[in-house]
Every structure is written in C-alpha cells, then in structure tokens.
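Residue-level structural notes
Letter by letter, the chains look like this.
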Amino acid sequence: MKVAVLAGDGIGPEIIAEAIKALRALDLGIEFEEALVGGAATDAHGDPLPPATLALCKAADAVLFGAVGGPKYDTLPRPQRPEQGLLRLRKELGLFANLRPALIYPELAAASTLKPEVVAGLDLLIVRELTGDIYFGQPRGIRTLDNGEREGFDTMRYSESEIRRIGHVAFKAARKRVKRVCSVDKANVLETTQLWREVMTELGRDYPDVELTHMYVDNAAMQLLRNPKQFDVLVTGNMFGDILSDEASMLTGSIGMLPSASLDANAKGLYEPIHGSAPDIAGKGIANPLATILSAAMMLRYTFNGEEAAARLERAVAKVLAQGLRTGDIAAAGEPTIGTRAMGDAVVNAL
Ligand code: IPM
Ligand code: MG
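The paragraphs below set out a description of the structure included in this document. Source: prediction; values computed, not measured.

Cut-off values and rules
Residues numbered from 1 in each chain as written. Chains lettered and ligands numbered in written order. Predicted model: local features only at pLDDT ≥ 70, side-chain atom pairs only at ≥ 80, totals over all residues. Heavy atoms only, no water. Helix = DSSP H or I, 4+ residues; strand = E, 2+ residues; numbered from the N terminus. Expected span 1.5 Å × (residues − 1). Buried < 20%, exposed > 50% of the residue type's maximum accessible area, 1.4 Å probe, protein only. Pairing = 2+ DSSP bridges. Axes fitted to C-alpha atoms, helices over the stretch in contact; angles between N-to-C directions. Contact = heavy atoms within 4.5 Å. 1 Å grid on protein atoms, 1.4 Å probe; cavity = no way out; pocket = protein on both sides within 12 Å on 5 of 7 lines; lining within 4 Å. Points joined across faces, edges and corners; volume = space filled by probe spheres on them. Nonpolar A, V, L, I, M, F, W, Y, C, P; charged D, E, K, R; others polar. Parallel < 35°, antiparallel > 145°, perpendicular 65-115°, else oblique. Near = heavy atom within 4 Å. Polar contact = N/O pair within 3.5 Å; in protein donor to acceptor, adjacent residues only side chain to side chain. Areas by Shrake-Rupley, 256 points an atom, 1.4 Å probe, with all protein chains shown as cover. Sits in = over half its atoms within 2 Å of the grid points.

1. With respect to helix H10 (residues 290–302)
End to end, H10 covers 18 Å across 13 residues, agreeing with the expected 18 Å (1.5 Å per residue, within 8%). A large share of H10 lies buried, amounting to 11 of its 13 residues. Of the residues making up H10, those classed as buried are Leu290, Ala291, Thr292, Ile293, Leu294, Ser295, Ala296, Ala297, Met298, Met299 and Leu300.

As structure tokens, then:
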C-alpha cells in the first residue's frame, strides 16, 4: 500500500501531519511518500503540479491531499496558480467520481447555524462529477470583441458517457444506503443539463430498487437549508457539486469536518478534506484536522478495502467529539478549545 502525500499550502501540512499520525497508529504497513503541489510547488518549480509529483501520484495506490491556494498566488497567470495543480491531478488520474458525505455528529448539532432539529441525524452523500462540465469544457478564455470590449467565456459540456458513469456511482452508492437518488440539474435553462436529466432517467430504469427524483439546482440549494434530511444521495455536475457541497458542509456545523474521496474507475483515489487552505489561520496550529483524518478513513475503505480499519478511525473521531474535545471551528461559544496537534493526539489515544 503506497500513498502519495501532497500536503500543499496553508493549513495543508498541519492537518496532513495529524492524518498520517492516525494512519501510522493503525499500523497497517502503509508506505508514505511526500511531494510538492500547489503554491508550494509553484514556489519551488514554477509549476503547481511538477512532473515528479504527477509521476509519484500515478505510481501510488492513493493520494492523500491537504489543500492548495493562498492570496499570494491569486495574481499569477492561471497555469501557475495552485488550484490548477489539483484540477490537473483530477483530470490526469481520471478521478471523475467525487464523494462528499455530510454527516452530523450528535454532539455538533448545536454547532450548525441551523436549528438542531433541522440537522440532527443528517446523513447525506453528494456525488459530484469531477472531471467534466464548465470546469474543463473548451473553448474558454477572455477575448477582445470588435468593439474593443473584453468578453469572458467558458463552455459547459457533458457527454452521455460521462453522465452515465457518474450516475452508476450514485445509484450504486444509494443501494448501500437509503436507496434514494436526487439528481440535481438546471434542465429548465441549460441544454447540457437537459441531457443530464434524460440520461439519469434512462439509467434509473436499471436500478428499479432505487427511487430517482430530479431537482433544479436553485431549489436544491434552498431545500438543503429548509429540510436537508429529505436527501439521501445527491448526484450532480462539477460546478453545482462544488457549490452545494460547501453549502452542505455547514449543515454539519463546520466545513472543518467534511472529508472527500475522488475516485477513478478502479477505486484508485485522491482523498482530501473539502475545506481549503485557510490562509488566515495557517501556521497557527488551530486548524481542525478531523476532515483530513476522516478522508484517510475513506481511503482505507475505498482504495484499500479496509472497512474495519476505516470504521475504527471513524469511531475514534466520534469518541473525541463525545469526550467534548473541540477545535475552534466546532466549539460552541465559551467552550474550551484545543489545537490541531492535540486533536490528532486525542484521535490516536482513542484508537
Ligand atoms: C473543491 C475546491 C476546488 C474546486 C478548487 C480548489 C479548484 O473548491 O474541491 O471543491 O473548485 O473543485
Ligand atoms: Mg469547492
């Protein structure tokens, strides 16, 4: 079992250190090898995804990823920006299926900005397509029109096969859960997503045991706040999934709690917390490492077939929360807080 470790920028190195500590404590014999990505790689090599990093990720069974980005890089030409490192990695490795579970721990129901009764018991899974859509569609650019005015343009596109393969992932995931899939689109306006709806509807006939519904993305954004427990699996395209998964994370109390898995067709995966590099708190030792630790658990489950070890790690996280241990982002007003390292140590102790 070989894992490429890409800590990246901002709080990335701090949270990744805690996830590795927890994985080592499980004593599974995993080999770790580190490489640069994002702004750190741009600083060192002028490229957010240097060839050596890509080669390491291709050779590894899985990638454990921290976060990329920071204000210092926002003015660079796009190819050198940290986010490109992540986007290219997703594309190069064919990681088309992004699983983002939003699960609420009972102790954190009060940390959500929504009323506890709205979120208590929440357990939904966002299945986001990750290598297509307006994120990658060509043509794109900024051009100057005949009248001298500039115009920005991007292309939203999805092929039938791209829609079908992410649909299969969603239906199969639903079979292991409550057997309900809600496909999110904007079929009332966008051709691309009208095709999305048609293909999902066809596919649904292959899964008669799973209930399929469709929802427009604006309504889905609203329903996630109104009654999030109506959802089991949400399947959607790259851009809508990006937005809805940030929204869903806040239902659980903090974006610092949400893990993710990005899988290829053979369960090779990249595992990362869904929060970003949080430059405002980087280097302070206060970031919440639990989303990264939970991402490591997803890695054990999906790439290494280690359901038991994954469940152990998840139970350890549940236990530290039950013990009342809190980083700043999940603490209620006045509650004492602990730092990144102490939280990682607590998870290791719980293991
Ligand atoms: C995410 C992030 C990325 C995305 C950025 C960093 C490129 O927001 O993983 O959700 O937009 O996909
Ligand atoms: Mg995002």
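Anyway, onward from the coordinates.
2. Brief notes about the environment of Ala342
Inspection of the secondary structure puts Ala342 in helix H12 (residues 340–350). On a C-alpha basis, the gap between Ala342 and Pro273 in space is 19 Å, while along the polypeptide they are 69 residues apart.

3. Description of the sheet that holds strand S2 (residues 31–34)
What holds strands together in a sheet is hydrogen bonding between their backbones, with the strands either parallel or antiparallel. One open sheet holds the 10 strands; their spatial order is S2-S1-S3-S12-S11-S4-S5-S10-S8-S9, and the pairing between them is mixed. The outermost strands of the open sheet, each flanked by one partner alone, are S2 and strand S9 (211–216). Here the average twist between neighbouring strands, direction ignored, is 25°. Where strand S1 (residues 2–8) and S2 come together, 4 bridges link them in parallel fashion. By the bridge assignment for S2, Val5 is matched with Glu34. Seen against the sheet, helix H1 (residues 12–26) touches S1, S2 and strand S3 (62–67) and runs at an angle of roughly 140° to S3. Helix H6 (residues 160–175) rests against strand S4 (97–103), strand S5 (123–129), strand S8 (180–185), S9 and strand S10 (233–236) of the sheet, and its axis sits at about 165° to S5.

4. Re empty space enclosed by the protein
To find leftover empty space, one rolls a probe the size of a water molecule over the atoms. Summed over all chains, the structure comprises 1 cavity of 30 Å³ or more. What the largest cavity holds in volume is close to 50 Å³. Taken together, Asp133, Met156, Tyr158, Val184, Asp185, Thr193, Trp196, Gly237 and Phe240 form the lining of the largest cavity. Residue assignment for the lining of the largest cavity shows that the elements contributing at least two residues are S8 and helix H7 (191–204). Residue composition of the lining of the largest cavity, by class: 5 nonpolar, 2 polar and 2 charged.

5. Quick word on the packing of helix H8 (residues 217–226) against helix H9 (residues 238–251)
Taken N-terminus to C-terminus, the directions of H8 and H9 make an angle of 10°; their axes are 10 Å apart at the nearest point. Classified by the angle between their axes, H8 and H9 sit roughly parallel to one another. For the pair H8 and H9, contact is made by Val217, Ala220, Ala221, Leu224 and Leu225 and by Phe240, Leu244, Glu247 and Leu251, respectively.

6. Re the site of ligand 1
Around ligand 1, a shell composed of Glu83, Arg90, Arg100, Arg128, Tyr135 and Asp242 is seen. In this structure, Arg90 approaches ligand 1 through a side-chain N or O atom, which is 2.7 Å from an oxygen atom. With respect to ligand 1, the side chain of Arg128 contributes an N or O atom lying 2.8 Å from an oxygen atom. Protein burial of ligand 1: of its 320 Å² of free accessible surface, 78% is covered by the chains. Here ligand 1 is seated within the second largest pocket.

Purely geometric stuff here, so don't read any function into it on its own.
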